[in-house]
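Spelled out from the first residue to the last, the chains are:
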Amino acid sequence: MNIFLSLFKKKPISFWIYSIVGFFLIINSILLVYEQFWFPVIIGVVFSLVLAFFSADKLLYIITFLTPLSIISANKDFNVGLALPTEPLMILFTGVFLLKLLYENSYPVKITKHPISITIFIYLGWILFTSITSEIPLVSIKFFISKIWFIIPFYFSIALIFKREFSSIRNLYLAYAFGLAIVIIYTTIVHSKYGFSEMTGHWVMSPFYNDHTAYGAAIAFFLPPIIGIAFEPSFSRTKKLFILVLFAILILGFYLSYSRAAWLSIVITLGLFIIVKLKIKFQWVAAATLILIGLFFIFQNDIIHNLSKNKQDSSNNLTEHIQSMSNISTDASNLERLNRWAAAMRMFKHRPLVGWGPGTYQFVYAPFQYSFEKTIISTNAGDKGTAHSEYIGPLAETGVIGLLTFIAIAIATFYTAIKVYLNSKSKEVRVWALSAICALITYYVHGGMNNFLDTDKLAVPFWGTIALVVALDVFYGNNREKTIVKCVSRNKSAN
């Protein structure tokens, strides 16, 4: 041992790095010749374990960057699918985090007792309970466990990282945005080979995103934070120019996604952004919303009659594509969404309290479809998505309480972020609070028409942004300005 240490001291660190890398390449090359692929996997696992124990933030950066680039690997025999390599890394990270938590027996009480954390605990508790009462318990338990490996790394752990270093907020968003930019560039190149047609725009982002709706939702989610980063005072002009290029790539992908739900989410987010900036009182917004809802129910027959006359299908033409959003007479995508919603509501009526079980919709909804509501893309096999709604889906799977717990998370997050934005004296905190509000709104709006929180693509930024809101409130909120000043000063000197 002493001989090894003395030898190590005599040689520079770079020598040992090159030696280890060279040794790895030689061994791996020999094994590849014999079609043995386990060696790099073992090295990857060991490397990830070391990072999880001693540098958790680095591992989370890696997972975040890889999330847009992950690919689903499914086993049809066991009906199990994992996003590779991100979900195995999240599982490993979760295990290490729980072990360290048991060993150290310490975690900031301010986070665990925060109203948002309490709503998340209730949310997870109800998912666990309804997994026990589920029609297919095995599917529901797997669904619950996947929630755990999303929420522990990207809510409970990442909140601590945001506490230690304010710049980590920017770094995490940029990590995902860089990975997403790679996917956009790849998708755009493939798309160009088909003349940027609207139909091919539905699948050219494969295998990274399963369709254009999830792809569009992810891009829409990251537009507000990237704009927020551009306004950071600690950034030089060169770095801001780089952010501008990144933003342009996101805008290109956003437009070519042809995702009508994503476009609508950005329009509504812009409206709410104006409301927040103008500081329009909540009661006025609530009153206007209630009036609009009331008018819809009063004139619903006339509205539906007029919508049924719209026969504009999806198109390459921007105006026509927007018009197709309200086509409920011939547009197969819109009609299938209505079919799925109707089936989910019938499921809810049968089991209004506990639902059919988390994650079970696609396996049990077939008998609840009516033949006259089916479309050319309808299926009884449960292999083409779920309820297409982050609200109606949980209503069918976990009952009314399940839906209320998710809505409670949204309300608590929105209220906290607005409070931080209005009360903080730090420009950086206010920018990030507003960016978080806008990012989450894009998904809450999008969630009315699609559901992606059971995938790493949207679960990672969604729970990470909720953790950001909590971190801003607990660690950088009102009366904590000295902390943010120190962090920002340190970031400026580093830049």
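Remember, predicted model here, so these are calculated numbers, not experimental data. (Residues numbered from 1 in each chain as written. Predicted model: local features only at pLDDT ≥ 70, side-chain atom pairs only at ≥ 80, totals over all residues. Heavy atoms only, no water.)

1. Overview of the overall build of the protein
Okay, step 1: Check the secondary structure of the protein and you find 21 helices and two strands.
Okay, step 2: Residue burial in the protein is summarised as follows: out of 495 residues, 48% are buried.
Okay, step 3: By sequence separation, contacts in the protein at least 24 residues apart represent 72% of the contacts at least 6 residues apart.
Okay, step 4: Accessible surface, the protein as shown: approximately 25000 Å² in total, 71% of it carbon and sulfur. (Helix = DSSP H or I, 4+ residues; strand = E, 2+ residues; numbered from the N terminus. Buried < 20%, exposed > 50% of the residue type's maximum accessible area, 1.4 Å probe, protein only. Contact = heavy atoms within 4.5 Å. Areas by Shrake-Rupley, 256 points an atom, 1.4 Å probe, with all protein chains shown as cover.)

2. Thoughts on the pattern of salt bridges
Okay, step 1: One pass over the structure, following the stated rule, counts four salt bridges.
Okay, step 2: In this structure, E336 and R340 form a salt bridge, with 2.7 Å as the shortest nitrogen-oxygen distance. In this pair, E336 and R340 both sit in helix 16 (residues 332–350), four residues apart, roughly one turn of the helix. (Salt bridge = Lys/Arg side-chain N within 4 Å of Asp/Glu carboxyl O.)

3. Examining empty space enclosed by the protein
Okay, step 1: Enumeration over the complete set of coordinates arrives at four cavities of 30 Å³ or more.
Okay, step 2: A volume near 100 Å³ is recorded for the largest cavity.
Okay, step 3: Lining the largest cavity we find T64, F154, I158, F162, L172, Y173, Y176, F222, V460, P461, G464 and T465.
Okay, step 4: Residue assignment for the lining of the largest cavity shows that the elements contributing at least two residues are helix 8 (137–164), helix 9 (167–192) and helix 20 (456–475).
Okay, step 5: The element contributing the most residues to the lining of the largest cavity is helix 20, with four residues.
Okay, step 6: Residues of the lining of the largest cavity, tallied by class, amount to nine nonpolar, three polar and no charged. (1 Å grid on protein atoms, 1.4 Å probe; cavity = no way out; pocket = protein on both sides within 12 Å on 5 of 7 lines; lining within 4 Å. Points joined across faces, edges and corners; volume = space filled by probe spheres on them. Nonpolar A, V, L, I, M, F, W, Y, C, P; charged D, E, K, R; others polar.)

4. What to know about unusual backbone geometry
Peptide bonds are trans in most cases, and residues, glycine excluded, mostly fall at negative phi.
Okay, step 1: With an omega of 0°, the peptide bond between L84 and P85 qualifies as cis.
Okay, step 2: Counting through the fold element by element, P85 comes out in the loop between strand 2 (80–84) and helix 5 (86–104).
Okay, step 3: With an omega dihedral of 10°, the bond running from S206 to P207 counts as a cis peptide bond.
Okay, step 4: Within the secondary structure, P207 sits in the loop between helix 9 and helix 10 (212–230).
Okay, step 5: With a phi angle near 55°, N105 is a residue other than glycine that sits in the positive phi range.
Okay, step 6: Note that N105 resides in the loop between helix 5 and helix 6 (109–112).
Okay, step 7: Of note, F196 is a non-glycine position whose phi angle comes to about 55°, a positive value.
Okay, step 8: Locating F196 in the fold gives a position in the loop between helix 9 and helix 10.

5. Comments concerning the layout of surface pockets
Okay, step 1: Of the voids in this model, the second largest pocket is the one considered here, and its volume is about 460 Å³.
Okay, step 2: Around the second largest pocket, the lining is made up of 19 residues, and of these P224, I227, F273, L434 and C438 lie nearest the centre.
Okay, step 3: Going through the elements one at a time, helix 10, helix 11 (237–256), helix 12 (260–278) and helix 19 (427–446) are the ones with two or more residues in the lining of the second largest pocket.
Okay, step 4: A per-element tally of the lining of the second largest pocket places helix 19 first, with six residues.

6. Some remarks on the nonpolar core
Okay, step 1: Core analysis: the biggest nonpolar cluster contains 111 residues, and I120, Y155, Y209, F462, W463, I466 and L472 have the highest contact counts within it.
Okay, step 2: One finds M347, Y361, A387 and I392 within the second-largest nonpolar core, a separate group that totals 11 residues. (Core = buried A, V, L, I, M, F, W, Y, C linked by side-chain atoms within 4.5 Å.)

7. A few points about the side chain of K457
Okay, step 1: With respect to the helices, strands and loops of the structure, K457 is situated in helix 20.
Okay, step 2: One buried charged side chain, K457, makes no salt bridge at all; its nearest oppositely charged neighbour is D456, positioned 4.8 Å away.
Okay, step 3: One polar contact links the side chain of K457 to the main-chain carbonyl oxygen of S70, over a distance of 2.9 Å.
Okay, step 4: Beyond its immediate stretch of four places on either side in the chain, K457 contacts T67, P68, L69, S70, Y176, F208 and Y209. (Lys, Arg positive; Asp, Glu negative; His and termini not counted. Polar contact = N/O pair within 3.5 Å; in protein donor to acceptor, adjacent residues only side chain to side chain.)

8. Quick word on the packing of helix 9 against helix 11
Okay, step 1: Taken N-terminus to C-terminus, the directions of helix 9 and helix 11 make an angle of 50°; their axes are 9 Å apart at the nearest point. By the angle between their axes, helix 9 is oblique relative to helix 11. As for how helix 9 packs across helix 11, the hand of that crossing is left-handed. Contacts between helix 9 and helix 11 involve L174, A177, F178, L180, A181, I184, I185, T188 and H191 from the first element and F242, I243, L246, I249, L250, L252, G253 and L256 from the second.
Okay, step 2: Split by residue class, the contact of helix 9 with helix 11 holds 14 nonpolar, three polar and no charged. (Axes fitted to C-alpha atoms, helices over the stretch in contact; angles between N-to-C directions. Parallel < 35°, antiparallel > 145°, perpendicular 65-115°, else oblique. Left-handed = near helix turned anticlockwise from the far one by under 90°.)

9. Some details on the side chain of T442
Okay, step 1: Inspection of the secondary structure puts T442 in helix 19.
Okay, step 2: In contact with T442, other than residues within four places in its own chain, are A220, F221, S265, I266 and T269.

10. Regarding the confidence of the model for the protein
Okay, step 1: With 77% of its residues at a pLDDT of at least 70, the protein reaches an overall mean of 81.
Okay, step 2: Confidence, read as mean pLDDT per element, is least for helix 1 (residues 2–10) in the protein (46) and greatest for helix 7 (residues 115–132) (97).
Okay, step 3: Contacts for the low-pLDDT stretch residues 317–328, under 50 throughout, to residues beyond four places or in other chains number 37 contacts.
Okay, step 4: Overall, residues 488–495 carries pLDDT values under 50, and its contacts beyond four positions in sequence, including any with other chains, amount to 12 contacts. (pLDDT = per-residue confidence, 0-100.)

11. Topic: helix 12
Okay, step 1: Between its first and last C-alpha, helix 12 extends 27 Å over 19 residues, near the 27 Å set by a 1.5 Å rise per residue.
Okay, step 2: All of the buried residues along helix 12 are R260, A261, A262, W263, S265, I266, T269 and V276. (Expected span 1.5 Å × (residues − 1).)

12. Quick notes on the packing of aromatic side chains
Okay, step 1: Within the structure shown, the criterion is met by 27 aromatic pairs.
Okay, step 2: Relative to F156, the ring of Y155 lies with its centre 4.8 Å away and its plane at 90°, an arrangement referred to as edge-to-face. For the pair formed by Y155 and F156, the shared burial category is buried.
Okay, step 3: A ring pair is formed by Y209 and Y215, whose centres lie 5.7 Å apart and whose planes are at 65°; its orientation type is edge-to-face.
Okay, step 4: Taking the relative accessible area as the measure of exposure, Y215 reaches 2% and is therefore buried.
Okay, step 5: Taken together, the ring pairs in this structure connect Y123, Y391, F406, Y443, Y444, F462 and W463 into an aromatic cluster.
Okay, step 6: The aromatic ring of Y209 is capped on one face by K457, whose charged end is 4.7 Å from the ring centroid. (Phe/Tyr/Trp six-rings, centres within 6.5 Å; stacked < 30°, edge-to-face > 60°. Lys NZ or Arg CZ within 6 Å of the ring centre and 35° of its normal.)

13. Topic: a nonpolar patch on the surface
Okay, step 1: Taken together, the side chains of V45, V46, L49, V50, F53, F54 and L99 define a hydrophobic patch exposed on the protein surface, amounting to about 650 Å² of accessible area.
Okay, step 2: The element that contributes the greatest number of residues to the nonpolar patch is helix 3 (residues 38–54), accounting for six residues.
Okay, step 3: Relative to the assigned elements, L99 resides in helix 5. (Patch = residues over 30% accessible without salt bridge, like charges linked within 9 Å, V, L, I, M, F, W, Y side chains within 5 Å.)

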